[in-house]
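Coordinate inspection notes
Take a look at the letters that make up each chain.
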Amino acid sequence: MEKDAKKCVRDVDHSLYDFRDEDNSSFKTSAGLTPEIVSQISDEKHDPEWMREFRQESLKIYNGMKMSDWGPPIDGLNMDDIVTYVRPDTEMKGKWSEVPDDIKNTFEKLGIPEAERKSLAGVGAQYDSEVVYHNVREEVAAQGVVYTDMESAINGEYADMVKEHFMKLVPPTDHKFAALHGAVWSGGSFVYVPPGVKVDIPLQSYFRLNAAGAGQFEHTLIIVDKGAYLHFIEGCSAPKYSVANLHAGCVELFVAEGAWLRYSTIENWSKNMYNLNTKRSLIEKDGTMEWVSGSFGSHTSYLYPMTILKGDHSRMEYTGITFAGRDQQLDTGAKVAHVGKNTSSHIVAKSISKSGGECVFRSSVTVGKAASGTKSAVTCDSLMLDSESRSDTIPAMDIRNDSADIGHEARIGRISDDAVFYLMSRGISEEDARAMIVSGFAEPVAKELPLEYAVEMNNLIKLEMDNG
Amino acid sequence: MSSELLKVEKLFATVEGTQILNGLDLTVGEGETHVIMGPNGAGKSTLGNVIMGNPVYSVDSGHIYFDGQDITALKTDERARLGIFISFQSPQEVPGITLEQFMRASRSAVTGKPLKVFAFQKEMKGVMETLSMDHSYAGRDLNVGFSGGEKKKAEILQMLMMNPRLAILDETDSGLDVDAVKVVSEGIRQFKKEGNSLIIITHNARILEGLKVDYTHVLSKGRIIKSGDSSLVDEIERDGFKGIDGAEQE
Ligand SMILES: Nc1ncnc2c1ncn2[C@@H]1O[C@H](COP(=O)(O)OP(=O)(O)OP(=O)(O)O)[C@@H](O)[C@H]1O
Ligand SMILES: [Mg+2]
């Protein structure tokens, strides 16, 4: 198995990924994110005292931290604008007329109603989905489920629970953007599912994100108590256009003993976005964590949901697809830490690159000394639609227990001409045949999504295929 | 003679620089059934692929006419929409798209009309029954993990669902067990009843049982070297290709 893994490791062209250190100095001086601004955010958000301190502490960490020196370049990110992004009195909303045409077209092709388009683009006011959100909330509240925005949660009935968990899985010291998040986070969802409660309908943050005040630094905190069950869906497939081109959100998921959580994301940030998101989950005994992830948008993404299998017999599954088109560098993957005994992880990743797009799949599997009986399987399939596109697989493993059963497989391929001919021989046009083959490739991910999202994902693939 | 549906005229075709078809002529009338036999590597599958417009093969000279129209330069999907179908010798496996989805897509591509799902499914179930195919196959990924025989049945299912004017069956019988040959033959007979034309490429007379064969051709070294009626099939079954003038020797 080890041998197999090595075979798949390709050399990374470091010149391509190296950060320019000289940028750091200019960054520090011009960033201008001051304690006063952060304190202003605290005022605006009615932070409790501990959160005020937390933000200030995070700011110190942020200012003292270096940029990480791996992954795709982010020097196109204008850090000078950070202040503009986070200042509460900044008018974040743009004008509809400034929303790029390709995004407007996408809305149209996805069949999103006029009223919702402006809101999705982040330039409109609240709209009807706010009502839907409230209805959903009431329905689950009857089961004792708490589903609210983070600002309310931090001052509400569950304030202590929030305090106990907030940025405990992703501490501000984790990396520079986690620190930034700690200092300026705003918006996001809080969900608590009490013991034994099975939430039948998936909760969708889609509704929340469209509501006013949702920004690029949203925090999602989900606690699924013992034996409870939840499916949470984040995002939607319409591009979220924003004047600010940095997204540094944070997702923390706590799965208690015997609980089950599925976290699904279809992300389609606009193509100017630097998506530096951090997602992490902690799984107790017999708990299950399932990630379903589709990444289509952004200019540059760093996205590696991490799962800590702490309890014995806990398990995780990750199913993800990444589609990088022109000018996109999408660095995605999954991490898992096996800590308890007899834990298992199953990571299935797919990537599609087209028109010069770059997909890098990173996986990290660590098996602790005490984690006997670990089982882990990682597969990555890459499809390159032309010869200008790039695809890499970078698996990392740190195995400290001899009983671990670890597998890794990576394949890179192209659309087979024979398959295209076969579909065409039944009257299907070449364009449709290609799109069908690509959708088929993505099917293992689509089938994990609720129908309407699967349909939207397929529409997205068609759109990307059309954007020759 | 019935009116000409397919006419292949002095066709020369190459694949990767090697000439495979050497001035091949073939005319198939409306409602006729033609059998093509010939040694391995003679160019039978190549002929089928070239008629279907597989871009792997290049036509250097000659013409293909379908229903009076020169289709030599048409793309594969356009030919399919005119009513040409081929049951492949080795059908492709396409993951992530089910057999039913595929047939629905091709039905609406060929008719150019939105599909009536319920009626389509009813029809499909009926045909699958005729072919002794379990319905669950419709929900499986296209040919993925199908046995050799199951793939061939799936091709005939597609043929019956598409009801093309001309079907080329490339060794559809190979890989089929005795019972499967029977149901597939029954499917082919049904297809013929509609007045459609057939080109059956085969090494074996079994699949022709109960089928009225109008012409039999021997294809060798990229040309038709002999044509006759159905008795030629028996002759070849008995004596092989050795006795036929111009056939390559084993
Ligand atoms: N895609 C291809 N690439 C290279 N050579 C090919 C290709 N297709 C066909 N050929 C060659 O062309 C010749 C004719 O092949 P073809 O498949 O048409 O034979 P056939 O008559 O169908 O034989 P069989 O009875 O074995 O099916 C063979 O020598 C074959 O190797
Ligand atoms: Mg052949």
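Predicted, not measured: the structure shown is a model, and the values here were computed from it.

A short note on the overall build of chain A
Counting secondary structure elements, chain A contains 16 helices and 20 strands. Looking at chain A residue by residue over its 468 residues, the buried ones come to 59%. A separation of at least 24 residues holds for 85% of the contacts in chain A among residues at least 6 apart in sequence. As displayed, chain A offers around 18,500 Å² of accessible surface, 49% of which is attributable to carbon and sulfur atoms.

Observations regarding the site of ligand 1
Residues and elements named next belong to chain B. Around ligand 1, 16 residues are found, and the nearest of them are Gly-41, Gly-43, Lys-44, Ser-45 and Thr-46. Gly-41 is positioned such that a nitrogen or oxygen atom in its backbone is 2.8 Å from an oxygen atom of ligand 1. Contact distances for ligand 1 include 2.8 Å between an oxygen atom and a side-chain N or O atom of Lys-44. Isolated, ligand 1 exposes 640 Å² of accessible area, and the fraction of that covered by the protein chains is 65%. When residues of the shell around ligand 1 are assigned to their parent elements, the largest contribution, three residues, is made by helix H1 (residues 44–52).

Quick notes on the nonpolar core
Membership of the largest hydrophobic core comes to 110 residues, with the highest contact counts inside it found for Leu-423 and Met-457 of chain A together with Leu-6, Leu-157 and Ile-199 of chain B. When residues of this core are assigned to their parent elements, the largest contribution, nine residues, is made by helix H15 (residues 430–446) of chain A. Shared between two domains, this core takes at least three residues from each, and those domains are domain 1 (13–303) and domain 2 (415–468) of chain A. Excluding anything up to four places from it in sequence, Ile-199 of chain B contacts Leu-6, Leu-26, Val-28, His-34, Ile-36, Ile-51, Leu-166, Ala-167, Ile-168 and Leu-169 of chain B. In this structure, Leu-253, Leu-309, Tyr-318 and Ile-406 of chain A belong to the second largest nonpolar core, which totals 37 residues.

Focus: unusual backbone geometry
Residues and elements named next belong to chain A. Within the chain, Asp-327 stands out as a residue other than glycine whose phi angle is a positive 60°. Among the secondary structure elements, Asp-327 is positioned in the loop between strand S14 (315–324) and strand S15 (329–338). A positive phi is found at Asn-342, a non-glycine position, where the angle reads about 55°. Classification of Asn-342 by relative accessible area gives partly exposed; the value is 37%.

Description of helix H3 (residues 99–111) of chain B
Counted at 1.5 Å a residue, the expected span for H3 of chain B with its 13 residues is 18 Å, and the 18 Å between its end C-alpha atoms agrees. Residues of H3 of chain B that are buried: Leu-99, Glu-100, Phe-102, Met-103 and Ser-106 of chain B. One side of H3 of chain B carries all its buried residues, which in axial view fall inside an arc of 160°. The inward-facing, buried residues of H3 of chain B contact helix H14 (417–424) and H15 of chain A together with strand S7 (94–98), helix H4 (117–130), strand S8 (141–142) and helix H5 (148–162) of chain B. Taken from the residues just after H3 of chain B, Gly-112 of chain B is the one with a positive phi, measuring 70°.

Re the sheet that holds strand S1 (residues 4–15) of chain B
Residue and element names in this part refer to chain B. Strands sit in the order S2-S1-S4-S5 across an open sheet of four strands; the sheet is antiparallel. In this open sheet, the two edge strands, each paired with only one partner strand, are strand S2 (18–29) and strand S5 (69–70). By the bridge criterion, two bridges tie strand S4 (residues 57–66) to S5 in an arrangement that is antiparallel. Bridge pairing in S5 links Tyr-65 to Asp-70.

A short note on the packing of aromatic side chains
Summed over all chains, the structure comprises 16 aromatic pairs over all chains. A centroid spacing of 5.3 Å and a plane angle of 85° characterise the contact between Tyr-137 of chain B and Phe-146 of chain B, whose relative ring orientation is edge-to-face. Considered together, Tyr-137 of chain B and Phe-146 of chain B belong to a single accessibility category, that of buried residues. The rings of Trp-50, Phe-54, Phe-166 and Trp-185 of chain A are connected pair by pair, giving a single aromatic cluster. Directly above the ring of Phe-441 of chain A sits Lys-350 of chain A, whose terminal nitrogen or CZ lies 4.4 Å from the centroid.

Points about the coordination of the magnesium ion (ligand 2)
Distances from the magnesium ion (ligand 2) to its protein donors, namely Ser-45 of chain B (OG) and Gln-89 of chain B (OE1), fall within the range 2.0 to 2.2 Å. Of the two residues, Ser-45 of chain B is situated in helix H1 and Gln-89 of chain B in the loop between strand S6 (84–87) and S7; the sequence distance between them amounts to 44 residues.

Considering the environment of Val-35 of chain B
Relative to the elements of secondary structure, Val-35 of chain B occurs in strand S3 (residues 33–37). Not counting residues within four places of it along the chain, the set of residues in contact with Val-35 of chain B comprises Ile-200, Thr-202, Leu-208, Val-213, Tyr-215, Thr-216, His-217 and Val-233 of chain B.

Quick notes on the sheet that holds strand S11 (residues 215–220) of chain B
Residues and elements named next belong to chain B. Strand order in the open sheet formed by six strands is S6-S9-S10-S3-S11-S12, with mixed pairing between adjacent strands. Two strands close off the open sheet at either side, each with one partner strand: S6 and strand S12 (223–228). The mean angle between the axes of side-by-side strands here comes to 20°, regardless of whether they run parallel or antiparallel. In terms of strand pairing, strand S9 (residues 166–170) meets strand S10 (residues 197–201) through five bridges, oriented parallel.

What to know about the interface of chain A and chain B
How large an interface is tends to be reported as the accessible area lost when its parts come together. With 18 residues of chain A in contact, the opposing surface of chain B contributes 30 residues. For the chain A and chain B pair, buried surface summed over both sides reaches about 1,800 Å², with 68% attributable to carbon and sulfur atoms. It is Phe-421, Tyr-422 and Arg-426 of chain A in chain A that bury the most area against chain B; as a group they hold 43% of the surface buried on that side. At the surface where chain A touches chain B, the tally comes to two salt bridges. One salt bridge in this structure joins Arg-426 of chain A and Glu-155 of chain B, with 2.7 Å as the shortest N-O distance. Linking chain A with chain B are eight residue pairs in polar contact (both at pLDDT 80 or more).

What to know about the pattern of salt bridges
Residues and elements named next belong to chain A. Counted under the stated rule, the structure contains 31 salt bridges over all chains. We note a salt bridge from Arg-55 to Asp-47, for which the minimum N-O separation is 2.5 Å. Since its relative accessible area comes to 10%, Asp-47 is described here as buried. Ionic contacts of the salt-bridge type, sharing partners, join the residues Lys-350, Asp-381, Glu-409 and Arg-411 into one network.

Notes on the confidence of the model for chain A
All names here are of chain A. A residue-level look at chain A finds 76% of positions with pLDDT of 70 or above and a mean pLDDT of 82. Across residues 89–93 the pLDDT falls below 50, and counting only partners more than four positions away or on other chains, this stretch makes 13 contacts in the model. Below pLDDT 50 for its whole length, residues 207–214 participates in 23 contacts with residues either more than four positions away or in separate chains.

A look at the confidence of the model for chain B
Overall, the prediction assigns chain B a mean pLDDT of 93, with 97% of residues at 70 or greater. Predicted complex, confidence summary: ipTM 0.96, pTM 0.83.

Regarding helix H7 (residues 231–239) of chain B
Residue and element names in this part refer to chain B. Those residues of H7 that fall on the buried side of the exposure criterion are Leu-232, Val-233 and Ile-236. Angularly, the buried residues of H7 cover 105° about the axis, an arc narrow enough to put them on a single face. Against the buried residues of H7 lie S3, S11 and S12.

Observations regarding the side chain of Thr-202 of chain B
Here Thr-202 of chain B shows up in the loop between S10 and S11. In contact with Thr-202 of chain B, not counting residues within four places along its chain, are Val-35, Ile-36, Met-37, Asp-173, Ile-207 and Leu-208 of chain B.

Describing the environment of Ser-372 of chain A
Residue and element names in this part refer to chain A. Within the secondary structure, Ser-372 sits in the loop between strand S17 (358–367) and strand S18 (375–384). Placed 34 residues apart in sequence, Ser-372 and His-338 show a C-alpha to C-alpha distance of 9.1 Å. Excluding residues that lie within four positions of it along the chain, Ser-372 makes contacts with Lys-341, Asn-342, Asn-401 and Ser-403.

The rules behind the values
- Residues numbered from 1 in each chain as written.
- Chains lettered and ligands numbered in written order.
- Predicted model: local features only at pLDDT ≥ 70, side-chain atom pairs only at ≥ 80, totals over all residues.
- Heavy atoms only, no water.
- Helix = DSSP H or I, 4+ residues; strand = E, 2+ residues; numbered from the N terminus.
- Buried < 20%, exposed > 50% of the residue type's maximum accessible area, 1.4 Å probe, protein only.
- Contact = heavy atoms within 4.5 Å.
- Areas by Shrake-Rupley, 256 points an atom, 1.4 Å probe, with all protein chains shown as cover.
- Near = heavy atom within 4 Å.
- Polar contact = N/O pair within 3.5 Å; in protein donor to acceptor, adjacent residues only side chain to side chain.
- Core = buried A, V, L, I, M, F, W, Y, C linked by side-chain atoms within 4.5 Å.
- Domains from an automatic or database assignment.
- Expected span 1.5 Å × (residues − 1).
- Arc of directions from axis to C-beta.
- Pairing = 2+ DSSP bridges.
- Phe/Tyr/Trp six-rings, centres within 6.5 Å; stacked < 30°, edge-to-face > 60°.
- Lys NZ or Arg CZ within 6 Å of the ring centre and 35° of its normal.
- Donors = N, O, S within 2.8 Å, 3.2 Å for Na, K, Ca; no water.
- Axes fitted to C-alpha atoms, helices over the stretch in contact; angles between N-to-C directions.
- Buried area = accessible area lost by both parts, 1.4 Å probe.
- Salt bridge = Lys/Arg side-chain N within 4 Å of Asp/Glu carboxyl O.
- pLDDT = per-residue confidence, 0-100.

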